[in-house]
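A closer look at the structure
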Amino acid sequence: MDPVVSLPDQDWVDALCDVPGVELVTWDMEDAPPRDDIALAVPPYMRAGRRQLGHLQQCPQLRAVQLVTAGYEHVQPHLPEGVQLANGAGIHDTSTAELAVGLALASLRGIPEATRAGEQGRWTSLNGRRSLADRHVLILGYGSIGTAIARRLQPFEVSLTAVASRARAGDELVDTIHGTDELPDLLPHHDVVIVVVPLSEATRRMVDADFLHALPDGALVVNVARGGVVDTDALVRECAAGRLTAALDVTDPEPLPDGHPVWTTPGMLVTPHVGGATTAFVPRALDFLRRELTRFGKGEDLSHVVATG
């Protein structure tokens with residue numbers, strides 16, 4: 001018998017019904033599983049909280065959970081013993097890279113200031129604002145999203161530096177990929193840092209007071225990773241002092257509560273965690289799932305296993 005795979009939306013079941021070797025069922029995880037023989041579950045995007053993920057424990061034949069998000073730390077505590085967890089590596093490259101570049105451009109060119117002035121019916125001068133061109137940009141986290149960001153930045157006439165957990169040979173975009181141990185030497189020479197590392201114990205608050213202090217005056221920090229990677233209080237202090245600016249798609253805490261200093265600190269631009277939530281998501285998610293479910297139906301391992309319960 002073909003293994004049973006649950007998808008969170010009937011439209012997805014309809015779109016993938018021709019995948020060989022699997023039986024598809026709809027399960028949005030709002031209630032208990034519709035049957036007890038689900039072998040692989042795909043949780044809903046942006047709607048899988050503690051209550052929904054708790055239902056995974058009611059799947060006695062579950063072998064794997066396939067996410068359509070790059071981040072996976074929120075699922076690990078709910079993963080049944082022995083069940084594999086795979087993330088949606090690559091699905092959000094396009095949208096997240098697009099937003100990273102957009103946030104950098106908006107912050108550097110003063111778009112938020114122009115918008116606020118326009119809402120008050122005032123013409124404001126933005127002459128002399130920094131261009132993205134000629135900036136020294138450091139991408140912290142050089143996986144598939146980091147590479148997608150680098151590819152989009154290349155035509156902007158920037159100087160690119162890539163940093164990953166360990167140093168390795170470069171690619172067609174950068175001559176070399178530096179390790180995080182080199183950050184103290186690299187940071188003083190970069191005026192834009194784009195953060196796109198996964199959240200883990202190794203990266204939690206990686207961008208701390210010392211990290212920020214090492215950046216030159218006027219540097220911009222763009223975070224499209226996870227809010228917990230950045231020490232929010234330290235970043236607020238630097239921006240409030242006028243030394244740094246920041247453009248954040250993710251925050252700590254999140255959602256950012258009313259009245260939080262980030263909302264009113266000069267030089268801080270915030271979008272509400274929308275890096276992957278665009279029209280680009282569904283077609284890329286379906287293409288990704290088609291590949292992974294085909295592998296699963298053949299008895300092969302999923303491509304991007306990140307943990308086992």
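Quick caveat, the model's predicted, so the values are computed rather than measured.

1. With respect to the sheet that holds strand S6 (residues 136-140)
On the basis of which strands lie adjacent, the open sheet formed by eight strands has the order S8-S9-S7-S6-S10-S11-S12-S13 and mixed pairing. Looking at which strands have only one partner, the edges of the open sheet turn out to be strand S8 (168-169) and strand S13 (268-270). Of the strands in this sheet, S6, strand S7 (159-164) and strand S10 (192-195) touch helix H5 (residues 144-153), which is tilted by about 160 degrees from S6.

2. Quick notes on the pattern of salt bridges
Using the criterion set out here, one finds 13 salt bridges in the structure. Put simply, Asp231 and Arg205 hold a salt bridge, and the shortest N to O gap is 3.9 Å. Of this pair, Asp231 sits in the loop between strand S11 (220-223) and helix H8 (232-240) while Arg205 sits in the loop between S10 and helix H7 (209-214), and the two are 26 residues apart along the sequence. On the basis of relative accessibility, which here comes to 13%, the residue Asp231 falls in the buried class. Through salt bridges with shared partners, a single ionic network connects Glu23, Arg35 and Asp37.

3. Concerning the nonpolar core
Formed by 32 residues in total, the largest nonpolar core has its most connected members in Tyr142, Ile149, Leu153 and Ile194. Ranked by residue count, the leading element in this core is helix H3 (residues 93-109), at eight residues. If near-sequence neighbours (up to four positions away) are discounted, Ile149 is found in contact with Ala97, Ala100, Ile139, Ile194, Val196 and Val224. Listed in part, the 30 residues of the second largest apolar core include Val163, Val207, Leu212 and Ala219.

4. Considering the sheet that holds strand S4 (residues 64-66)
With mixed pairing, the six strands of this open sheet are ordered in space as S2-S1-S3-S4-S5-S14. The open sheet has two free edges, formed respectively by strand S2 (23-26) and strand S14 (305-308), since each of these has just one partner strand. Going across the sheet, the axis of each strand differs from the next one's by a mean of 30 degrees, ignoring polarity. In this sheet, S2 lies alongside strand S1 (residues 4-7) in parallel orientation, the contact comprising four bridges. What sits directly across from Leu7, in S2, is Thr26.

5. A look at the packing of aromatic side chains
For the coordinates displayed, the defined rule picks out two aromatic pairs. An aromatic cluster is built from Trp12, Tyr45 and Phe281, whose rings are joined through pairwise contacts.

6. Details of helix H10 (residues 281-297)
The terminal C-alpha atoms of H10 lie 24 Å apart, and with 17 residues this matches the ideal 24 Å at 1.5 Å per residue to within 8%. Along H10, the residues classified as buried are Phe281, Ala285, Leu286, Phe288, Leu289, Glu292, Leu293 and Phe296. Projected onto a plane normal to the axis of H10, the buried residues spread over an arc of 170 degrees and lie on a single side. Phi turns positive, to about 85 degrees, at Gly299, one or two residues after H10.

7. Topic: the side chain of Thr96
Locating Thr96 in the fold gives a position in helix H3. When its relative accessible area of 6% is taken as the criterion, Thr96 is described as buried. Each residue touching Thr96, except ones within four places of it in the same chain, is listed here: Ile145, Val224, Gly275 and Gly276.

8. Observations regarding the packing of H3 against H5
The relative placement of two packed helices is expressed as an angle between their axes plus a distance between the axes. Remark: H3 packs on H5, axes separated minimally by 8 Å, with the N-to-C direction vectors making an angle of 50 degrees. When the axes of H3 and H5 are compared, the pair comes out oblique. Considering how the two elements wind past one another, H3 and H5 form a crossing that is right-handed. Residues Asp93, Thr94, Thr96, Ala97, Glu98, Ala100 and Val101 of H3 form the contact with H5, whose own contacting residues are Ser144, Ile145, Ala148, Ile149, Arg152 and Leu153. Of the residues that constitute the contact of H3 with H5, the class distribution is seven nonpolar, three polar and three charged.

9. Looking at the pairing of strand S9 (residues 176-179)
Relative to S9, S7 runs parallel, the two being bridged by three bridges. Its bridge partner lying in S9, Val163 is registered against His178. Where S8 and S9 come together, two bridges link them in antiparallel fashion. Note on S9: the bridge partner recorded for Ala169 is Thr176. Taking the residues that link successive antiparallel strands as the turn, the S8-S9 hairpin has six residues.

Conventions and cut-offs
- Residues numbered from 1 in each chain as written.
- Predicted model: local features only at pLDDT ≥ 70, side-chain atom pairs only at ≥ 80, totals over all residues.
- Heavy atoms only, no water.
- Pairing = 2+ DSSP bridges.
- Helix = DSSP H or I, 4+ residues; strand = E, 2+ residues; numbered from the N terminus.
- Contact = heavy atoms within 4.5 Å.
- Axes fitted to C-alpha atoms, helices over the stretch in contact; angles between N-to-C directions.
- Salt bridge = Lys/Arg side-chain N within 4 Å of Asp/Glu carboxyl O.
- Buried < 20%, exposed > 50% of the residue type's maximum accessible area, 1.4 Å probe, protein only.
- Core = buried A, V, L, I, M, F, W, Y, C linked by side-chain atoms within 4.5 Å.
- Phe/Tyr/Trp six-rings, centres within 6.5 Å; stacked < 30°, edge-to-face > 60°.
- Expected span 1.5 Å × (residues − 1).
- Arc of directions from axis to C-beta.
- Parallel < 35°, antiparallel > 145°, perpendicular 65-115°, else oblique.
- Left-handed = near helix turned anticlockwise from the far one by under 90°.
- Nonpolar A, V, L, I, M, F, W, Y, C, P; charged D, E, K, R; others polar.

This is a description of form; function is not addressed.
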